[in-house]
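Structural overview
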Number of protein chains: 2
Amino acid sequence: MKAGSAGWWKARYAALARQRPRAGGLELGRITEVALRIVDGEGLAALTMRRVAEEMGVRHTSLYRHVASRDELLVELVDHVLGEVRPAESGKGWRADAEQSAWDFRRVLLGHPAIVPLLTAGQLLGPNALRARETGLGLLISAGWKPSQAVQIYLTVTHFVIGTALLGTGGAARGAGERTAMTDLFAGLPQYPLVRELAVPLNLPDGDQEFRFGLTALLDGIGDPR
Amino acid sequence: MKAGSAGWWKARYAALARQRPRAGGLELGRITEVALRIVDGEGLAALTMRRVAEEMGVRHTSLYRHVASRDELLVELVDHVLGEVRPAESGKGWRADAEQSAWDFRRVLLGHPAIVPLLTAGQLLGPNALRARETGLGLLISAGWKPSQAVQIYLTVTHFVIGTALLGTGGAARGAGERTAMTDLFAGLPQYPLVRELAVPLNLPDGDQEFRFGLTALLDGIGDPR
DNA sequence: ACCTGAACACCGTTCAAGT
DNA sequence: ACCTGAACACCGTTCAAGT
């Protein structure tokens, strides 16, 4: 059973419903917290089973009593992070709500850049993901969009947020060193005059501004329910 | 020197310019081809140095004579794939050109789904990436967009194409098995009625249709140069 | 100049054994 | 029920040695 698949989540939901408040604090919850701390601080590559175990003062083989694989841990981690997204409630109409939701989703993702690539691994079917989906669709449908349009809009905007988070964090040239290296590189490549001339805005994009530009264009282009 | 960084590419361009047509066919070119074949057929995880070497009838340690690391091989692979993108030449105005470029870029990415995640690793500074960038910016600027606007539009559309390719290939539920598993899952989750009702369009999105919808909205929202 | 063999320092995962 | 120790089958990478 592949971690994160529909079948996997079905078993997972069943386990959650069955679960009694255990004595020593949920072990999986603690593992997830430790994993998130490692990932936030040192990136995804630093998240090894051995490292998590070390942090918890336990042998790495013990973790397999609580989590079936590293992949499964990553799936739990993703839904845990999605739990930080707050439901939109601007009261200013669907477009304002959509904008606020998008910005809030972005805020959460930028807070945990290392887990963003994991959002592309497959369907997001955890409780927090489904809650956000339900809220988003409800917002659009009660604003007058037909269900099929609501799906389209929801997917497009969500994918836009994930895509820009993914490309904004990886793509920007941080630090003065990388910036001068870039100038150096283009200085020796006269065959690309526009690329060279526009090196600064191209390579030091203001992520928030690009996000605002794209989101505005997208929502302008979508228009209003008709 | 981190593979794919500006400094790394500078050295790489210098090496390319210095290079004479070698006797036995470029070794790095052959390595890249073998790597692409593996990746296309079996995914990124199957691309190990040992596997590439085996495919070439050589010991894996020999590869390090031609490529400094696996990361470096991945960077070469990405630019190699970007070489498949064809320059747009519709002759029907900037918007038609932009649409055609976006669809062509999408076509290339869907042809090599396993390398799409690599596009988010950092700046794309290889010769094929810069050529595409130069062409795209030229197209926009000669259509009347100001350079700063051209950069904004170019980045937004490019990121949109990458983002949808990334999320479309990973997100869709392929196959009847996964589809019935999804139905099964939602049947047991009455707390998400909209998610359940709209399970089919949400989880079996037509990637091309979502792409068309989003691209149209984006370009509609961007409008024309003013 | 290029390839080989042995070795190092890591991984994730399994499983019998202990308590 | 939970943790441990040893082991397996992998990785990427380095480097002295061969030709």
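Residues numbered from 1 in each chain as written. Chains lettered and ligands numbered in written order. Predicted model: local features only at pLDDT ≥ 70, side-chain atom pairs only at ≥ 80, totals over all residues. Heavy atoms only, no water.

As named in an unreviewed UniProt entry, chain A is TetR/AcrR family transcriptional regulator C-terminal domain-containing protein, taken from Streptomyces actinomycinicus.

**Description of the protein's contact with DNA strand D**
In the region of DNA strand D, 15 residues are neighbours, and His66(A), Arg50(B), His60(B), Thr61(B) and Arg70(B) sit closest. Within 4 Å of the protein, atoms of DNA strand D come from sugar and phosphate in 45% of cases. A distance of 3.0 Å is found between a base oxygen of DNA strand D and a side-chain nitrogen or oxygen belonging to Thr61(A). A distance of 2.4 Å is found between a base nitrogen of DNA strand D and a side-chain nitrogen or oxygen belonging to Arg50(B). (Near = heavy atom within 4 Å. Polar contact = N/O pair within 3.5 Å; in protein donor to acceptor, adjacent residues only side chain to side chain.)

**Comments concerning the protein's contact with DNA strand C**
Neighbouring DNA strand C are 16 residues; Arg50(A), His60(A), Thr61(A), Arg70(A) and His66(B) lie closest to it. Here DNA strand C approaches the protein such that, of its atoms within 4 Å, sugar and phosphate make up 45%. His60(A) is positioned with one of its side-chain polar atoms (N or O) 2.9 Å from a base oxygen of DNA strand C. Here a base nitrogen of DNA strand C sits 3.2 Å away from a polar atom, N or O, in the side chain of Arg65(B). Grouping the constituent residues of the surface near DNA strand C by class yields 4 nonpolar, 7 polar and 5 charged. (Nonpolar A, V, L, I, M, F, W, Y, C, P; charged D, E, K, R; others polar.)

**Structural notes on the packing of helix H1 (residues 6–18) of chain B against helix H4 (residues 70–82) of chain B**
Residues and elements named next belong to chain B. It is at 13 Å that the axes of H1 and H4 come closest, and there the two elements cross at 70°. As far as their axial angle goes, H4 and H1 are roughly perpendicular. Between H1, through Trp8, Trp9 and Arg12, and H4, the contact on the second element is made entirely by Glu72, Val75, Glu76 and Asp79. Tallied by class, the residues present in the contact of H1 with H4 amount to 3 nonpolar, no polar and 4 charged. (Axes fitted to C-alpha atoms, helices over the stretch in contact; angles between N-to-C directions. Helix = DSSP H or I, 4+ residues; strand = E, 2+ residues; numbered from the N terminus. Parallel < 35°, antiparallel > 145°, perpendicular 65-115°, else oblique. Contact = heavy atoms within 4.5 Å.)

**Thoughts on the relation of the copies chain B and chain A**
Superposing chain B onto chain A requires a rotation of 180° together with a translation of 0.0 Å along the rotation axis, leaving an RMSD of 0.0 Å. The operation mapping one copy onto its partner corresponds to a two-fold rotation axis. Most of the interface of chain B is mirrored in chain A, where 100% of its interface residues again form contacts. (Least-squares fit on C-alpha atoms with pLDDT ≥ 70 in both.)

**Description of the domain arrangement of chain A**
All names here are of chain A. Each domain of chain A was delimited in the assignment, giving domain 1 (6–82) and domain 2 (94–222). Here the C-alpha centre of domain 2 lies 28 Å away from the C-alpha centre of domain 1. In this assembly, domain 1 packs against domain 2 so that about 1,400 Å² is buried in total across both faces, 73% of it on carbon and sulfur atoms. At the surface where domain 1 touches domain 2, the tally comes to 5 residue pairs in polar contact (both at pLDDT 80 or more). At 7 residues, helix H4 (residues 70–82) tops the list of elements feeding residues into the side of domain 1 that touches domain 2. In terms of residue class, the side of domain 1 that touches domain 2 is made up of 11 nonpolar, 2 polar and 2 charged. (Domains from an automatic or database assignment. Buried area = accessible area lost by both parts, 1.4 Å probe.)

**Focus on helix H8 (residues 175–187) of chain A**
Residue and element names in this part refer to chain A. Here H8 is 13 residues long and its end C-alpha atoms lie 19 Å apart, about the 18 Å a rise of 1.5 Å per residue gives. Looking only at H8, the buried set comprises Ala181, Met182, Leu185 and Phe186. For H8, the angular spread of buried residues about the axis comes to 130°, placing them on one side. When the buried face of H8 is taken as reference, the exposed residues oriented beyond 90 degrees from it are Ala176, Thr183 and Ala187. (Expected span 1.5 Å × (residues − 1). Buried < 20%, exposed > 50% of the residue type's maximum accessible area, 1.4 Å probe, protein only. Arc of directions from axis to C-beta.)

**Some points on the packing of aromatic side chains**
Residue and element names in this part refer to chain B. One pass over the structure, following the stated rule, counts 10 aromatic pairs over all chains. For the ring pair tryptophan 94 and tryptophan 145, a centre distance of 5.5 Å and an interplane angle of 85° mean the geometry is edge-to-face. With tryptophan 94 in helix H5 (residues 94–111) and tryptophan 145 in the loop between helix H6 (127–142) and helix H7 (147–171), the pair connects residues that are 51 residues apart, well separated along the chain. Both residues of the pair, tryptophan 94 and tryptophan 145, belong to the buried class. Here tryptophan 103 and phenylalanine 211 contribute two aromatic rings whose centre-to-centre distance is 4.7 Å and whose plane-to-plane angle is 80°, an arrangement assigned as edge-to-face. Of this pair, tryptophan 103 sits in helix H5 while phenylalanine 211 sits in helix H11 (residues 207–222), and the two are 108 residues apart along the sequence. Judged by its relative accessible area of 27%, tryptophan 103 falls in the partly exposed class. (Phe/Tyr/Trp six-rings, centres within 6.5 Å; stacked < 30°, edge-to-face > 60°.)

**Quick word on the UniProt feature "DNA-binding region" (unreviewed entry) in chain A**
The UniProt feature table records "DNA-binding region" (unreviewed entry) at residues 48–67 of chain A. Secondary structure across residues 48–67 of chain A divides into 40% helix and 0% strand, with the first and last C-alpha atoms of the span separated by 13 Å. (UniProt positions renumbered as here; feature names shortened; annotations may be inferred.)

**Digging into the side chain of Thr156(A)**
One can find Thr156(A) in helix H7 (residues 147–171). In this structure the side chain of Thr156(A) is engaged in a polar contact, spanning 2.8 Å, whose partner is the backbone oxygen of Gln152(A). Setting aside residues up to four positions removed in sequence, Thr156(A) forms contacts with Leu218(A), Glu210(B), Phe213(B) and Gly214(B).

**Structural notes on the pattern of salt bridges**
Under the definition given, this model contains 20 salt bridges over all chains. A salt bridge links Asp104(B) to Arg107(B), with the shortest nitrogen-to-oxygen separation between them at 2.7 Å. Taken together, the residues Asp104(B) and Arg107(B), both in helix H5 and 3 residues apart, mark about one turn of the helix. You can call Arg107(B) partly exposed: its relative accessible area is 37%. Salt bridges sharing partners connect three or more residues here, namely Glu42(A), Arg51(A) and Glu55(A). (Salt bridge = Lys/Arg side-chain N within 4 Å of Asp/Glu carboxyl O.)

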